[in-house]
Amino acid sequence: MRATVGDRLVQHGRVVGQHDQVSEVVEVMGTEGNPPYRVRFPDGHEAVMSPGPDCEVRHREQQTQAQ
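Residues numbered from 1 in each chain as written. Predicted model: local features only at pLDDT ≥ 70, side-chain atom pairs only at ≥ 80, totals over all residues. Heavy atoms only, no water.

Colleague: What exactly am I supposed to notice about the nonpolar core here?
Modeller: If you look at the biggest cluster of nonpolar residues, it comprises nine residues: Ala 3, Leu 9, Val 25, Tyr 37, Val 39, Phe 41, Met 49, Cys 55 and Val 57. Only strand S3 (37-40) and strand S5 (55-58) provide two or more residues apiece to this core. Beyond its immediate sequence surroundings of up to four residues, Cys 55 is in contact with Met 1, Leu 9, Val 10 and Gln 11. (Core = buried A, V, L, I, M, F, W, Y, C linked by side-chain atoms within 4.5 Å. Buried < 20%, exposed > 50% of the residue type's maximum accessible area, 1.4 Å probe, protein only. Helix = DSSP H or I, 4+ residues; strand = E, 2+ residues; numbered from the N terminus. Contact = heavy atoms within 4.5 Å.)

And the structure:
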């Protein structure tokens, strides 16, 4: 998994009815785009994450094409 600043990190819900959590990558703390990442959630909360298999990175190019 590789990300750059500005990409979105999507953590998929683990149980039925649980919504995905989307955050923005504000800092890449690993080398060459690897985790951990400092992310910011829509409510302004920041956290350091090392994403697991329930996460995906949506790169900025994918976001602009989807709009």
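Here the narrative resumes, following the displayed structure.
Colleague: What is the right way to look at the sheet that holds strand S4 (residues 46-49) in this model?
Modeller: Adjacent strands of a sheet pair through backbone hydrogen bonds, lying either parallel or antiparallel. Read across the sheet, five strands follow the order S4-S3-S2-S1-S5 without closing on themselves; strand pairing throughout is antiparallel. The two strands at the open ends of the sheet, each matched to only one other strand, are S4 and S5. The sheet shows a mean angle of 35 degrees between the axes of neighbouring strands, direction not considered. Pairing between strand S2 (residues 21-28) and S3: four bridges, direction antiparallel. By the bridge assignment for S3, Glu 24 is matched with Arg 40. (Pairing = 2+ DSSP bridges. Axes fitted to C-alpha atoms, helices over the stretch in contact; angles between N-to-C directions.)

Colleague: Would you mind going over the pairing of strand S1 (residues 8-11) with me for this structure?
Modeller: Two faces belong to every sheet, and in a regular strand the side chains alternate between them. Note: S1 against S2, four bridges, orientation antiparallel. Across the sheet, Arg 8 pairs through a bridge with Glu 24, a residue of S2. Taken together, the four bridges between S1 and S5 define a ladder with antiparallel strand orientation. The partner of Arg 8 across the bridge, within S5, is Arg 58.

Nothing here speaks to function; it is all geometry.
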